[in-house]
Amino acid sequence: MFVSECLNVNEKGHLTIGGCDTVELANQFGTPLIVYNEETIRKNCREFVSSINEHYEGKGLVYYASKAFSCLEMCRICKSEGLGLDVVSGGELYTALKADFPPEKICFHGNNKTDSEICEALDAGVGRIIVDNIEELRKIGRTAAEKNKTAKVLLRIKPGIDAHTHEFIKTGQIDSKFGFALETGEAMEAVKLALAEENIELMGLHCHIGSQIFDIDPFILAAEVMIAFIAEIKKETGTELTELNLGGGFGIKYTGDDNPESFSEYMKKVALSLKATAEKYGIKTPFVMIEPGRSIVGAEAVTLYTVGSVKEIPNIRNYVSIDGGMTDNPRYILYGSKYDIHCANKMNEPRDYMATIAGRCCESGDLIQKDAMIQKTQEGDIIAVLSTGAYNYSMASNYNRVPRPAVVMITDGKPRLIIKRESYDDLIANDI
Ligand SMILES: *Cc1c(COP(=O)(O)O)cnc(C)c1O
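Residues numbered from 1 in each chain as written. Predicted model: local features only at pLDDT ≥ 70, side-chain atom pairs only at ≥ 80, totals over all residues. Heavy atoms only, no water.

Caption draft 1: View of the pairing of strand β20 (residues 406-411). With five of its six residues buried, β20 lies for the most part within the structure. Taken together, the five bridges between strand β4 (residues 33-37) and β20 define a ladder with parallel strand orientation. Note on β20: the bridge partner recorded for I34 is V407. With five bridges joining them, β20 and strand β21 (residues 414-419) adopt antiparallel strand pairing. Paired with V408 across the bridge in β21 is L417. (Buried < 20%, exposed > 50% of the residue type's maximum accessible area, 1.4 Å probe, protein only. Helix = DSSP H or I, 4+ residues; strand = E, 2+ residues; numbered from the N terminus. Pairing = 2+ DSSP bridges.)

Caption draft 2: How the structure looks around the sheet that holds strand β1 (residues 7-9). Read from one edge of the open sheet, three strands run β1-β2-β3, paired in antiparallel fashion. In this open sheet, the two strands that pair with only one neighbour each are β1 and β3 (20-21).

Caption draft 3: Region of the structure containing the packing of aromatic side chains. Enumeration over the complete set of coordinates arrives at 10 aromatic pairs. Between the aromatic rings of F48 and F263, the centroid separation amounts to 3.9 Å while the plane-to-plane angle is 45 degrees, which identifies the pairing as tilted. Placement of F48 in helix α2 (residues 38-56) and of F263 in helix α9 (residues 263-281) is noted, with a sequence separation of 215 residues between them. For F263, a relative accessible area of 6% translates into the label buried. Ring geometry for F219 against Y266: centres 5.0 Å apart, planes inclined by 85 degrees, an arrangement best described as edge-to-face. In this pair, F219 is assigned in helix α8 (residues 217-237) and Y266 in helix α9, connecting sequence segments 47 residues apart. (Phe/Tyr/Trp six-rings, centres within 6.5 Å; stacked < 30°, edge-to-face > 60°.)

Caption draft 4: View of helix α6 (residues 134-146). Spanning 13 residues, α6 covers 19 Å between terminal C-alpha atoms, matching the ideal 18 Å at 1.5 Å per step. Here the buried face of α6 lies against α5 (115-124), β8 (128-131), β9 (151-158), β10 (180-181), α7 (186-196) and β11 (200-206). Two or three places before E135, at the opening of α6, N133 has a side-chain oxygen 3.4 Å from that residue's backbone nitrogen. A positive phi of about 60 degrees marks N148, the residue just after α6. (Expected span 1.5 Å × (residues − 1). Contact = heavy atoms within 4.5 Å. Polar contact = N/O pair within 3.5 Å; in protein donor to acceptor, adjacent residues only side chain to side chain.)

Caption draft 5: Structural view of the site of the ligand. Around the ligand there are 15 residues in total, and K67, S211, E291, R294 and Y391 lie nearest to it. Here K67 contributes a side-chain N or O atom positioned 2.6 Å from an oxygen atom of the ligand. Burial of the ligand by the surrounding chains reaches 94%, relative to a free accessible area of 390 Å². In terms of residue class, the shell around the ligand is made up of three nonpolar, seven polar and five charged. (Near = heavy atom within 4 Å. Areas by Shrake-Rupley, 256 points an atom, 1.4 Å probe, with all protein chains shown as cover. Nonpolar A, V, L, I, M, F, W, Y, C, P; charged D, E, K, R; others polar.)

Caption draft 6: A look at the pattern of salt bridges. As enumerated under the stated definition, the model contains 23 salt bridges in all. In this structure, R128 engages E243 in a salt bridge whose closest nitrogen and oxygen atoms are separated by 2.7 Å. Of the two residues, R128 is situated in strand β8 and E243 in strand β12 (residues 243-245); the sequence distance between them amounts to 115 residues. For R128, a relative accessible area of 14% corresponds to the buried category. A salt bridge links E236 to K192; its shortest N-O distance comes to 2.6 Å. With a gap of 44 residues between them, E236 in helix α8 and K192 in helix α7 connect regions that are remote in the sequence. A relative accessible area of 46% places E236 in the partly exposed class. Of the residues examined, K192 reaches a relative accessible area of 39% and is grouped as partly exposed. (Salt bridge = Lys/Arg side-chain N within 4 Å of Asp/Glu carboxyl O.)

Caption draft 7: Focus on the packing of α6 against α7. Direction vectors running N to C along α6 and α7 enclose 5 degrees, while the axes themselves pass 11 Å from each other. Between α6 and α7, the crossing angle belongs to the class labelled roughly parallel. Only A190, L193 and A194 of α7 make contact with α6, whose side of the interface consists of I134, L137 and R138. Of the residues contributing to the contact of α6 with α7, the split by class is five nonpolar, no polar and one charged. (Axes fitted to C-alpha atoms, helices over the stretch in contact; angles between N-to-C directions. Parallel < 35°, antiparallel > 145°, perpendicular 65-115°, else oblique.)

Caption draft 8: Region of the structure containing the nonpolar core. Core analysis: the largest hydrophobic core is formed by 88 residues, its most contacted members being Y64, F69, L155, L205, L246, Y266 and V297. It is α8 that provides the largest number of residues to this core, a total of 10 residues. Two domains each provide a minimum of three residues to this core, namely domain 1 (7-37 + 298-427) and domain 2 (109-292). If you look at the next biggest cluster of nonpolar residues, it comprises 22 residues, including V3, A26, M347 and L386. (Core = buried A, V, L, I, M, F, W, Y, C linked by side-chain atoms within 4.5 Å. Domains from an automatic or database assignment.)

Caption draft 9: Molecular detail of the domain arrangement of the chain. By the assigned domains, the chain splits into domain 1 (7-37 + 298-427) and domain 2 (109-292). Between the C-alpha centres of domain 1 and domain 2 the distance comes to 36 Å. Contacts between the two partners involve nine residues from domain 1, matched on the other side by seven residues from domain 2. Between domain 1 and domain 2, a total of about 730 Å² is buried, with carbon and sulfur atoms accounting for 62% of that surface. Looking at the side of domain 1 facing domain 2, the largest losses of area belong to Y335, K338 and S387, adding up to 49% of the total buried there. On inspection of domain 1 and its partner domain 2, the count reaches zero salt bridges. Our count for the contact surface shared by domain 1 and domain 2 stands at one residue pair in polar contact (both at pLDDT 80 or more). When grouped by side-chain class, the residues that make up the side of domain 1 that touches domain 2 number four nonpolar, two polar and three charged. (Buried area = accessible area lost by both parts, 1.4 Å probe.)

Next comes the structure, spelled out in structure tokens:
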């Protein structure tokens, strides 16, 4: 069983994605190559949308967190599925606008938005700006006044919840660089300031407790804390906020050890809790926004590499060197992430060979996985790393002046290039 239903094995014993032979894709487009499957990406989008319809009477909007994988085609897919888009930089906003994404369905994030990004967001007419800190709140107010506009904002709140996930991707606890703290009174102070700002319309609150979270309880807890805060705001200021953005962070399957709950199950439980808590505090159930990133695209892509050499160090380790690595996938070096890895042209052979998949950069830490079980591998084999749809291409770099890989989308069983492979000329394009 694979991490996504879009993966299979064909009669040649080759791995397939969306019905396409990955070995043929590697031959046709070259490696490293990232291959996405459109049908299952769309299926994930629809599952999120329908779960809000089913469990929360459609009173919500799903925003794809584009930092997971942003490009024109991905924005177009989200647009056609009726999703909103969460952007965290001027660059992601620019990409969305170039894809004709409706600006009113864009949320603008970031814990340190630059002056020019604030201008760009206001000029574009983004639907919501998520405000991170007091300085930024004032700056948005001033800039909106200069432009004779009103900025519709949500305040990013740290609900004080410690989700069980990797240290670097936890964001809901008080010791976090993101947002306003509840415990210290900082959040209430920000609410009052926002309500007083003339060119700011405070629409609601936002929280995002972290990423790759499997447990539903922290999400429920966060929802309850936020509703209680909306009630407190109503009591203190007389204003009842009507929007609640609960962020993203839903875990996906990287290996057989991961067991994410269906999103429908998440929404069912969170919706029940939102309704019960709102009733308890005597406020209306808010319009709910969620921001899945990883769970839309993560499991729906594979990265294909060609093996260059195999170095067997007796009693120590077998290094299988590939033609990519931390430049296209820095998640192992960042988080020690686990992956399911296969030799794509030997799928029917036993996975009884322990291999450390090594990248090509001048860093001993440039690995994709240490001691992974794969098929016995040699020069020229195609290595497939599964679940590389999120935070891979979007985190790619040009370290060692390695060009970024090409990206292909499988649509109706046919591959099409959606991002060209970088050329050497691209690498020196900004050099003077
Ligand atoms: C990263 C992030 C997301 C998406 O997180 P995933 O784990 O990819 O679902 C959503 N909202 C905010 C504010 C984020 O920072």
